[in-house]
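Residue-level listing of the chains:
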Amino acid sequence: MQRSNIARPAAAFWGFTVFMPVGVVYLAAFAMLAALIAAGGWRERALRLRGNFLWWPVMAYMVWTLVVLALEPHYPETASNLTHGLRIAATVFMALALTRDEAIWALRGFIAIALVNIVMIGLFYSVGFPLWEAWRGVLVLVGNKSISNALLFTILAATAAVFGLKALTEHRPWRVVPCVALIGAVLAIITLNLPSRTSLLALLVALPAACVHQWRRQLKVLAVVMVLGAVVVAAGLWKTPTVQQKFELGVHELEQAQAGAVSEGSWVVRFYMYRDTARMIIDRPFAGWGIGGWTQQWHLRGPKLLADYNMPHNDFLWMGSQAGVPGALSLLAILLAGLWQAWRRDDLPGRYAFVALLVVLIATSLNSALRDAQIGLSILWVAMVYLRLAQEPGDAWRGLLPRRSGPPPAALSGGGVPPPRPP
């Protein structure tokens, strides 16, 4: 294999392993880094990164992290928090440094394993087979890795929704049907198999966001679509007691927390974490308490029952508590800059990236989706690969399926190649 081609299998390997245990995903990330170093073409990759809209937000995030590290106190958790913080930046840069072909291979790995996993879940709960350890987080709920997998399925469902909406406008119902089936399968997974209110909320936000992105210049059409969509969603929620119960439980937990009750209920934990972490930021808004300082402050401020938690389930609050308001804003700027790039491009690649990054933004706001490597090593990589393909002229997604003789297939493209947008 030529040196210039070794990054393609590494990118595909990371895409293919995103649902696996975090140790395997770390292996894929290090393999990707080694492949990028060994493959050469450093000047081209450096120019691609320097010219990227995300270059300055990521650099600001890294520089401010290092400034706070130098100026503020250190803690037992400083090394691990610094590692996770720099890993976030490295994941973004590695994805954006990919060539078009390498990004396509990463996308192939992700979509292929996601579809395989949906079939595997169906077989596991219908026919049954031994529980394989590598797929435990896919088949049953086992903590944050399962939350990560639910979010990855959510990105896949949002992708199917974008493709289906485009096919609907082109009067190709035979393409819409499998998309609806895929969305239904993901809804079943994130409500029954890997129950995740964050994933469900992200999907409910991503679907109308895809409509807004597609029909933003046709307000009358958008209004009709949004009304019809609201009716369908309301009817679906009304007919789905499980979903109703989840949100009713969340409201009940919040009421309990506001009344002073302490438990390990999901929304009770978030209530105390968000309240006390916000107070940390108010006390030291400029440079925070130092990298790794959240845990010590949490032990001093939080309920004793919840003392074992090591992150506040909101990465902006996490950065704000240990690096001040500038740290939180720099992390937020990375995701908002990506969303803005995706929004500016009003065709399918832009829409795919927009919904994927929206899922990441919601997950980052309601969970430690970047700070926790079990989640962030996978969903951030996938979302940034989506964004990387949105930065290519034309419809890079048309290369998703291997080419045959003749013109490239239009899989997941929904039509012809749009002209490149001006920079």
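Residues numbered from 1 in each chain as written. Predicted model: local features only at pLDDT ≥ 70, side-chain atom pairs only at ≥ 80, totals over all residues. Heavy atoms only, no water.

## Concerning the overall build of the chain
Our working definition: A helix here means a DSSP run of H or I that spans at least four residues, while a strand means a run of E at least two residues long, and both kinds are numbered starting from the N terminus. Only the C-alpha atoms count toward the radius of gyration. The rule for a globule is 2.2 Å times the residue count to the power 0.38. In this description, contact between two residues means that some pair of their heavy atoms is separated by no more than 4.5 Å. Values of accessible area rely on a 1.4 Å probe in the Shrake-Rupley scheme; residue burial ignores everything except the protein chains shown. Here Asp and Glu are counted as negative and Lys and Arg as positive; His is not counted, and neither are the chain ends. Here the site of a charge means atom NZ of a Lys, CZ of an Arg, CG of an Asp or CD of a Glu.
Looking only at helices and strands, one finds 17 helices and zero strands in the chain. Here the C-alpha atoms of the chain give a radius of gyration of 21 Å, agreeing with the 22 Å that 2.2 N^0.38 yields for 423 residues. When contacts within the chain are restricted to residue pairs at least 6 apart in sequence, those whose partners lie at least 24 apart make up 74%. Per element, the accessible surface of the chain, about 18400 Å² overall, is 70% carbon and sulfur. When the 35 basic and 20 acidic side-chain charges of the chain are each reduced to a single mean position, those positions are 10 Å apart.

## Brief notes about the packing of helix 6 (residues 100-126) against helix 17 (residues 373-390)
Using the following cut-off: To get an axis, a line is fitted to the C-alpha atoms, and for a helix only the part in contact is used. The angle between two axes follows their N-to-C directions and goes from 0 to 180 degrees. These descriptions rest on fixed angle ranges, namely under 35 degrees for roughly parallel, over 145 for roughly antiparallel, 65 to 115 for roughly perpendicular, and the rest for oblique. Helix crossings are classified by the rotation of the near helix relative to the far one: an anticlockwise turn of less than a right angle makes the crossing left-handed, while a clockwise turn makes it right-handed. Three residue categories are used. Nonpolar comprises Ala, Val, Leu, Ile, Met, Phe, Trp, Tyr, Cys and Pro, charged comprises Asp, Glu, Lys and Arg, and polar comprises the others, including Gly.
Contact geometry for helix 6 and helix 17: axes closest at 10 Å, N-to-C directions at 140°. Between helix 6 and helix 17, the angle falls in the class oblique. As for the relative orientation of helix 6 and helix 17, their crossing is left-handed in sense. Where helix 6 abuts helix 17, its residues Arg-100, Ala-103, Ile-104, Ala-106, Leu-107 and Phe-110 lie against Trp-381, Val-382, Val-385, Tyr-386, Arg-388 and Leu-389. Across the contact of helix 6 with helix 17, the residue classes tally to 10 nonpolar, no polar and two charged.

## Description of the side chain of Thr-295
Following the sequence through the fold, Thr-295 ends up in helix 14 (residues 294-301). Leaving out residues up to four positions away in the same chain, Thr-295 has contacts with Glu-77 and Asn-310.

## Examining empty space enclosed by the protein
To locate leftover empty space, one rolls a probe as large as a water molecule over the atoms. Formally: Buriedness of a pocket was judged along seven lines, with at least five required to meet protein on both sides within 12 Å; pockets are open sets of points on a 1 Å grid over the protein atoms alone, cavities are sets where a 1.4 Å probe fits but cannot get out, and lining residues have an atom within 4 Å of a point. Grid points are joined across faces, edges and corners, and a volume is the space filled by probe spheres set on the points.
Evaluated as defined, the whole model comprises one cavity of 30 Å³ or more. If you add up the space inside the largest cavity, you get close to 40 Å³. In terms of lining residues, the largest cavity is bounded by Gly-15, Ala-106, Leu-107, Phe-110, Trp-381, Val-382, Val-385 and Tyr-386. Of all the secondary structure elements, the ones that give two or more residues to the lining of the largest cavity are helix 6 and helix 17. Per-element accounting of the lining of the largest cavity gives the leading share, four residues, to helix 17.

## Some points on the environment of Ala-160
Put simply, the rule reads: We call a residue buried when its accessible area falls under 20% of the maximum for its residue type, exposed when it is over 50%, and partly exposed in between, using a 1.4 Å probe and counting protein chains only.
Take Ala-160: it is sitting in helix 8 (residues 144-169). On the basis of relative accessible area, Ala-160 is assigned to the buried category, the value being 6%. Spatially, the C-alpha atom of Ala-160 lies 7.7 Å from that of Val-180, the residues being 20 residues apart in sequence. Residues contacting Ala-160, with those up to four places away along its chain left out, are Cys-179, Leu-182 and Ile-183.

## Some thoughts on a nonpolar patch on the surface
To be explicit about the condition: To count toward a patch, a residue needs a relative accessible area over 30% and no salt bridge; like charges are then connected within 9 Å, while nonpolar side chains (Val, Leu, Ile, Met, Phe, Trp, Tyr) are connected within 5 Å. Criterion for a salt bridge: a side-chain nitrogen of Lys or Arg within 4 Å of a carboxyl oxygen of Asp or Glu.
A cluster of nonpolar side chains, Phe-30, Leu-33, Ile-37 and Trp-42, forms an exposed patch at the surface whose accessible area comes to about 460 Å². Positionally, Phe-30 belongs in helix 2 (residues 22-39). A relative accessible area of 55% places Phe-30 in the exposed class.

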